[in-house]
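Spelled out, the chains give:
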Amino acid sequence: MKFGLFVTGYKGIKLLENIERLPEFVVSYDNKERKDANHYNEIVDWCMDNEVKFIQRSNFKEEYLERVDKVFVIGWQFLIKNNLDKYIVLHDSYLPERRGFCPTVSSLLDKADYIGASCFQPIDTEEDTDPDYGIVYGREKTMIEHPMTIRDAFDSVVQMYIKLINSFEWSTLTPLNINYEEDSSFVVWKDKEDLRIDWSDSAENIHRKICATGYPYEGSTSLYENSIIYIDESEIFPTLNILNQSENCGKIWKIHNGHPVVICGDGLLKIISAHT
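A short tour of the structure in this document, coming up. No experiment lies behind these values; they were computed from the predicted model shown.

This part is about the overall build of the protein chain. For the protein chain, the helix and strand inventory stands at 7 helices and 14 strands. Taken over 276 residues, the protein chain has a buried fraction of 48%. In the protein chain, the share of contacts with a sequence separation of at least 24, taken over all contacts with a separation of at least 6, comes to 65%. Of the accessible surface of the protein chain, which amounts to about 14,700 Å², a share of 44% is contributed by carbon and sulfur atoms.

Attention shifts here to the pattern of salt bridges. Scanning the model with the defined rule gives 8 salt bridges in all. Among the salt bridges present, the one from glutamate 17 reaches lysine 14, with a minimum N-O distance of 3.2 Å. Of this pair, glutamate 17 and lysine 14 both sit in helix 1 (residues 9-18), 3 residues apart, roughly one helical turn. Owing to a relative accessible area of 43%, glutamate 17 belongs among the partly exposed residues under this scheme. For lysine 14, a relative accessible area of 21% puts it in the partly exposed group. Note that glutamate 235 is salt-bridged to lysine 270, the shortest N-O span being 3.9 Å. You can see glutamate 235 sitting in strand 11 (residues 227-237) and its partner lysine 270 sitting in strand 14 (residues 268-275), a full 35 residues away along the chain.

Turning next to the nonpolar core. Within the largest apolar cluster, 37 residues are counted, with the highest numbers of intra-cluster contacts made by Leu5, Leu15, Leu16, Val26, Phe72, Ile74 and Leu90. Mapped by element, the contributors of at least two residues to this core are strand 1 (3-7), helix 1, helix 2 (38-49), strand 4 (70-74), strand 5 (87-91), helix 3 (103-109), strand 7 (114-122) and helix 4 (150-170). Leave out the neighbours within four places in its chain, and phenylalanine 72 touches Met1, Phe3, Gly4, Leu5, Phe6, Ile88, Leu90, Ile165 and Phe168.

Right, let's get into the side chain of aspartate 92. Its place among the elements puts aspartate 92 in the loop between strand 5 and strand 6 (99-100). Judged by its relative accessible area of 7%, aspartate 92 is buried. Among the polar contacts made by the side chain of aspartate 92, one reaches the side chain of lysine 11 at a distance of 3.4 Å. Looking at aspartate 92, its side chain comes within polar contact range of the side chain of threonine 104, at 2.6 Å. Once you skip the residues sitting within four places of it in the chain, aspartate 92 turns out to touch Lys11, Pro103, Thr104, Gly116, Ala117, Phe154, Val157 and Tyr161.

Calculation rules
Here the residue numbers are simple positions, counted from 1 along each chain's written sequence. Where totals are concerned, whole chains, interfaces and linings use all residues; where local detail is concerned, this predicted model gives features only for residues with pLDDT of at least 70, and gives and counts side-chain atom pairs only at 80 or more. For side-chain calculations, the full set of non-hydrogen atoms in the structure is used, while hydrogens and water are omitted. By the criteria applied, helices consist of DSSP H or I runs no shorter than four residues and strands consist of E runs no shorter than two, each listed in order from the N terminus. Remark: exposure states derive from per-residue accessible area (1.4 Å probe, protein chains only) relative to the maximum for the residue type, with buried under 20%, exposed over 50%, and partly exposed in between. Residues count as neighbours in contact if any of their non-hydrogen atoms are within 4.5 Å of one another. Accessible areas in this description were obtained via Shrake-Rupley with a 1.4 Å probe; residue shielding takes into account the shown protein chains only. Salt bridge, as used here, is a side-chain nitrogen of Lys or Arg placed within 4 Å of a carboxyl oxygen of Asp or Glu. Within this scheme, the nonpolar core is defined by two criteria: the residues are buried Ala, Val, Leu, Ile, Met, Phe, Trp, Tyr or Cys, and they are joined through side-chain atoms within 4.5 Å. Think of a polar contact as two N or O atoms within 3.5 Å of one another; within protein, one of them needs to be a possible hydrogen donor and the other a possible acceptor, and neighboring residues in sequence only count if both atoms come from side chains.

Spelled out as C-alpha cells, the structure:
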C-alpha cells in the first residue's frame, strides 16, 4: 500500500519517528502547538533526512492523491472537503466517545480508565455535522494509571495509530458498527482560561491538570508577581495541618530544595519546573 501523511505537532513527529514504512509524501504546517514551532521544524527535518517529499499545506495539490492509495491524517485542524474516500483520519479517542477537541487531555483530566485511538473515513453528510464523524474502520484502547503526563499519553496514542495504519496493510477492513446517535460524547475546546490553575482545588486535581497540559503544550498557568507563569511539572507534597487553609490557597508555604511548595484547597503541591 502506498500512502501519504497529513501530520502536525508532537503526535505527528512521533509517528514519523516510529512508523515502519516511509510515506510517499508528508504534508504539514505549524499548528501553533508551541510558540517555538519546534515540532513543525522537526517534521521538515525528518523528511529531509529520510528523503521523503515534504509539502507545505498551502502548496498541496489534489493531483498528489493519484500517487497513493490512502492518506492518513493526524492532528489536522482544517476541514477536508474533496476526495474523502482517499483519507483516513486518526483521532485520539475510542469513537464515538470524546468527539471534538483535545480528547486525550480530557481523558487525563477526567481520570478516565483508558485512552483511545480510532481511524475513520470522513463522509460528506447532513446526517451528523458534528466533528469526528465517518466510517470507522478500527479503534484501540490502552488502560492507564493516574497521574499520567500528556507526553506519555500521546506516546501511547501514537503506538495505537501505527497499529491502525498497519491494519490497512494486512487486510481488507470491514467498517465497524458505530451507533453515533446513542453513544456519542463530545469534548469542548480549551482556551487560556481553562489552563489557569484554581489553587482552591485539591493538590491531587491540580497535579493531574499540570500533567495533562504540560509538554508538548505550554503548561497550566498561574499568576506570580503579576506575571503569568507556565507550570511544567509538579509533585504532591506531604500534607500539613494548616489552619484556615481555604483562606490561604495559592500562597507559597516554603521553599523545599529550591522548589516552592504551594498551599491548595486540600493538600500541598511542590512546583518542580516552570517558565514564563
